[in-house]
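# Structure assessment
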Amino acid sequence: MAERVLAVDIGGTNLRQAIVDGQGRILHERRDGLRLSQQTSEDAMLDAIVERLRPMLTAHRVQAVGIGFPGFFDDTRGLLVASPNLPYVHDLPLGRRLSERLGLPVALQNDALCAALGEFHFGRGRGATNLLHITLGTGVGGGLILNGRPWTGESGMAMEFGHTRVHPEPTARWCGCGNQGCLEAYASATAITRMYADITGEALDARQIYRRAKNGDELAQALWAEAGASLGAAIAQCVVLLDIHRITISGGLIGAWDMFEAPLGNTLESVLISAQRERVKVLPSRLDDRAGLLGAACLARQTL
Ligand SMILES: [Zn+2]
């Protein structure tokens, strides 16, 4: 019973939650469908989240709740400032409001930063002092740990890694953020799916396009290679600026790591100076997409 917490990872289409013990072991886990972009107000969003957490909190006693959420958090003021796909959110004290409803301490952080925390404490970031963690899925996110502590930036918007510009040319692809040439427009599941459909007229998901590539489809292979090279270019910019050595990657696209690895490595090779290149390690997560949940458990524990 002691030190059990509820860890929650809220994504674009679902809410995952787990009871986690003091050693970071996941004891019970469940996944519920949830599309926050379909809600129309902050109150409706709060209701939808609470409704999904209730069954787990009724069945298990926990001491605190930690949540990874897709948005920008101002930790000083305790506010969810904004969330890119939730236009109805503005300066919402989400932690306080959830805490009042649930009767438990609630800590929240950006979902990618949560995944970074999980990887840093329980995954392939262990033993590092600094870590750049990247989440590759529907979109692309990033979280940075500096000197053992999460770096959120001055307004909670640090490490918008998916919006690093990797293609400056005027014909570069448009990104959902309104800019051109962002990493997310090349190395996300959404981007791969869209590029393949634009050229072939076939609507396949990223997994199917991966299988096509494995079976020799040259277009599919070229798209994965471009994604890997773009990812390498964005990582190289971070390494040049921060001199960070350990980079970990989690998310649904990790299943296509064998497609990314060589083009990513080649780009790092060509961009970084040799003294730096030798020290940099880019590692796919082995946490089976649970980095976010484990990071949320760390957040919850910090409230105790
Ligand atoms: Zn963008």
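Everything discussed here concerns the structure shown above.
First things first, this report covers the structure right here in the doc.

Analysis parameters
Residues numbered from 1 in each chain as written. Predicted model: local features only at pLDDT ≥ 70, side-chain atom pairs only at ≥ 80, totals over all residues. Heavy atoms only, no water. Pairing = 2+ DSSP bridges. Helix = DSSP H or I, 4+ residues; strand = E, 2+ residues; numbered from the N terminus. Axes fitted to C-alpha atoms, helices over the stretch in contact; angles between N-to-C directions. Contact = heavy atoms within 4.5 Å. Expected span 1.5 Å × (residues − 1). Buried < 20%, exposed > 50% of the residue type's maximum accessible area, 1.4 Å probe, protein only.

### Structural notes on the sheet that holds strand E7 (residues 106-110)
Taken in spatial order, the five strands line up as E3-E2-E1-E4-E7 in an open sheet, and their pairing is mixed. Only two strands of the sheet have a single neighbouring strand rather than two, namely strand E3 (26-33) and E7. Taken over all neighbouring pairs, the strand axes of this sheet differ in orientation by 15 degrees on average, direction set aside. Where strand E1 (residues 5-10) lies against strand E4 (residues 64-69), five bridges are found, and the strand directions are parallel. Across the sheet, the residue bridging to Val8 is Ile67, located in E4. Contacts between helix H1 (residues 42-59) and the sheet are confined to E1, strand E2 (14-20), E3 and E4, with E2 contributing the most and set at about 35 degrees to the helix.

### Looking at helix H10 (residues 291-302)
Over its 12 residues, H10 extends 17 Å from the first C-alpha to the last, a length consistent with the 16 Å expected when each residue adds 1.5 Å. The buried fraction of H10 is high, at 10 of 12 residues. Every buried residue of H10 is listed here: Ala291, Gly292, Leu293, Leu294, Gly295, Ala296, Ala297, Cys298, Leu299 and Ala300.

### Considerations on the pairing of E7
Taking burial as the measure, the five residues of E7 include five buried ones, the bulk of the element. Alignment of E4 against E7, held across five bridges, turns out to be parallel. From the neighbouring strand, Phe69 faces E7, where its bridge partner is Asn110.

### Quick notes on the sheet that holds strand E8 (residues 131-136)
A sheet is described by the order of its strands in space; here five strands give the open sequence E10-E9-E8-E11-E12, paired in mixed fashion. Strand pairing shows two members of the sheet lacking a second neighbour, strand E10 (149-150) and strand E12 (281-284), which therefore form its edges. Pairing geometry for strand E9 (residues 140-146) and E10, over two bridges, is antiparallel. Note that in E10 the partner of Leu146 across the bridge is Arg149. Strand contacts of helix H3 (residues 111-122): E8, E9, E10 and strand E11 (246-250), with the helix running at about 50 degrees to E9, the strand carrying the most contacts. Running at roughly 170 degrees to E12, helix H8 (residues 257-271) makes contact with E8, E11 and E12 of the sheet.

### Digging into the pairing of E1
For a regular strand, side chains alternate in direction, first toward one face of the sheet and then toward the other. For E1, the tally of buried residues reaches six of six residues, placing the bulk of the element in the interior. Bridge count for E1 against E2 is six bridges, and the pairing is antiparallel. Counterpart to Ile10 in the pairing with E2 is Leu15. As consecutive antiparallel partners, E1 and E2 are separated by three residues.

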